[in-house]
Amino acid sequence: MSTTSRHRAARTIAAIAVAALVAACSDEGGGGGGGDAANYPDQNITIIVPFSAGGPTDTVTRMISEPMAKDLGAKIVVQNVEGAGGTVGAGRVARAEPDGYTVLMHHIGMSTAPALYKDLDYKPLEDFETIGLVTEVPMTLVARKDFAPATFQDLVTYVKANAGKVTLANAGIGAASHLCGLLFQSAAGVKLQEVPYEGTGPALTDLVGGQVDFMCDQTTNTSGQISAGKVKAYAVTTPERVKSLPDLPTTTEAGMPELQVSVWHGLYVPAGTPQEIVERLSEALKKALADQGVIDQMAKLGTAPVPATDATPDAHRAHLDEQLDTWAKVIADAGVEAR
Ligand code: MLT
């Protein structure tokens with residue numbers, strides 16, 4: 001072998017050795033994932049909300065983040081990353097460092113997105129660790145205050161007679177408000193004019209302002225406006241009435257029993273986050289859901305924490321798995337194509 005080729009060979013071997021060393025060092029950090037579980041948390045934690053500030057998902061996140069921060073001994077920052085029915089924010093967390101410092105709050109939208117987006121840039125079951133379920137929020141059918149229909153049945157008659165003219169606000173394809181709107185249109189046999197927003201926070205502002213006609217949204221967002229008479233409310237989409245809105249009939253009482261939907265929420269971290277960190281976050285979540293302040297705030301807004309047995313990684317994963325199948329079928333049956 002000539003001198004030059006010996007030198008070249010030596011350099012190659014050296015390069016390989018260095019690469020192996022670098023790989024070995026980086027793996028030392030945390031055994032499967034980047035987080036340093038032993039000292040977790042030693043910096044601020046960010047919870048990404050994939051919808052606008054002030055909306056229902058933001059409201060629930062800010063409610064639990066305070067007691068969670070107290071238990072974890074670290075500051076929790078809530079960051080809104082909106083867009084595409086929640087898929088932009090979810091994608092951001094799927095690609096984040098699996099070190100426990102970037103957490104996602106998402107809802108039923110995590111289970112509808114695969115059936116509604118052809119090029120979704122994440123896989124709900126593969127790209128995330130589940131931390132635990134949080135709450136399941138009923139939805140309400142509400143309209144601008146001066147909207148003509150008085151009762152739910154009047155509403156159905158009206159939208160059938162004025163389908164193309166009625167505007168239906170939602171928070172984008174795959175959002176809970178979009179899903180509920182789909183189910184209502186399918187049950188009433190109508191196609192309304194959908195008006196997408198980055199979240200139902202701003203959509204509700206426009207509904208109160210009369211810029212849009214109608215919306216299906218979570219009690220955690222609508223309760224205040226309904227109780228203040230700022231919007232017209234027709235029904236709630238759960239089998240039982242909501243205690244904080246006793247006069248609001250259920251869709252079953254109102255004559256559309258097939259319209260049943262409530263919005264489950266859960267926390268996620270990127271796949272590969274050390275199990276100890278997943279468990280630590282789940283523990284803090286359980287404590288937050290047992291906090292009397294959280295229980296009272298949720299009750300005022302028509303919902304409640306899930307039982308502690310559901311605020312676990314396994315229960316959450318099992319629920320997500322089942323919901324992915326359920327909504328894929330419902331969306332296909334409703335004849336909605338993925339975009
Ligand atoms: C929001 O927080 O804006 C909502 O959860 C949006 C939705 O899914 O309808």
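That block above? That's the structure.
Reference entry: report on the structure contained in this document. These figures come from a predicted structure and were not determined experimentally. (Residues numbered from 1 in each chain as written. Predicted model: local features only at pLDDT ≥ 70, side-chain atom pairs only at ≥ 80, totals over all residues. Heavy atoms only, no water.)

**Brief notes about the environment of V208**
Going by this rule: Numbering of helices and strands runs from the N terminus, with a helix taken as a DSSP run of H or I at least four residues long and a strand as a DSSP run of E at least two residues long. Accessibility here uses a 1.4 Å probe with only protein chains present; expressed as a share of the type maximum, an area under 20% marks a residue as buried, one over 50% as exposed, and anything in between as partly exposed. Any two residues whose heavy atoms approach within 4.5 Å at even a single point are treated as in contact.
Looking at the element boundaries, V208 is found in helix α7 (residues 200-208). According to the relative accessible area criterion, V208 is partly exposed, its value standing at 32%. The contact partners of V208, leaving out residues within four places of it in the chain, are Q225, K230 and V231.

**Things to note about the site of the ligand**
Heads up, the condition is: Each residue is tested against the molecule or strand, and it is near if at least one of its non-hydrogen atoms lies within 4 Å. Think of a polar contact as two N or O atoms within 3.5 Å of one another; within protein, one of them needs to be a possible hydrogen donor and the other a possible acceptor, and neighboring residues in sequence only count if both atoms come from side chains. Under the convention used here, a 1.4 Å probe and the Shrake-Rupley method define accessible areas, while residue burial counts only the protein chains that appear.
Surveying the vicinity of the ligand reveals the residues F51, P56, T57, H107, A171, A175, A176, S177, G199, T200 and Q218. Between H107 and the ligand, the recorded distance is 2.7 Å, taken from a side-chain N or O atom to an oxygen atom. One of the backbone nitrogen or oxygen atoms of A176 is found 2.8 Å away from an oxygen atom of the ligand. Within the complex, the protein chains bury 100% of what would otherwise be the 260 Å² of accessible surface of the ligand.

**Quick word on the pattern of salt bridges**
Heads up, the rule is: Every case where a carboxyl oxygen of Asp or Glu lies within 4 Å of a side-chain nitrogen of Lys or Arg is listed as a salt bridge.
Considering all chains together, one arrives at 11 salt bridges under this definition. For R280, the salt bridge goes to E283, with nearest N and O atoms at 3.5 Å. Taken together, the positions of R280 and E283, both in helix α10 (residues 275-289) and 3 residues apart, correspond to about one turn of that helix. Note on E283: relative accessible area 37%, which makes it partly exposed. Across the salt bridge formed by K329 and D333, the nearest N and O atoms sit 2.7 Å from each other. Residue K329 and its partner D333 are located together in helix α12 (residues 313-333), separated by 4 residues, close to a single helical turn. Summarising the burial analysis for this pair, K329 and D333 share the class exposed. Shared partners join several salt bridges into a network, and the residues in it are D71, R280, E283 and K287.

**Points about the state of the cysteines**
Note the cut-off: A pair of sulfur atoms, both from cysteines and within 2.5 Å, is called a disulfide here.
This structure, assessed with the given rule, holds 1 disulfide. Across a sulfur-sulfur distance of 2.0 Å, C180 and C216 are joined as a disulfide pair. Handedness of the C180-C216 disulfide follows from its S-S torsion of about 65°: it is right-handed. Here C180, found in helix α6 (residues 176-188), pairs with C216, found in strand β7 (residues 214-218); they are 36 residues apart in sequence, far enough to count as distant. Each of the two residues, C180 as well as C216, counts as buried.

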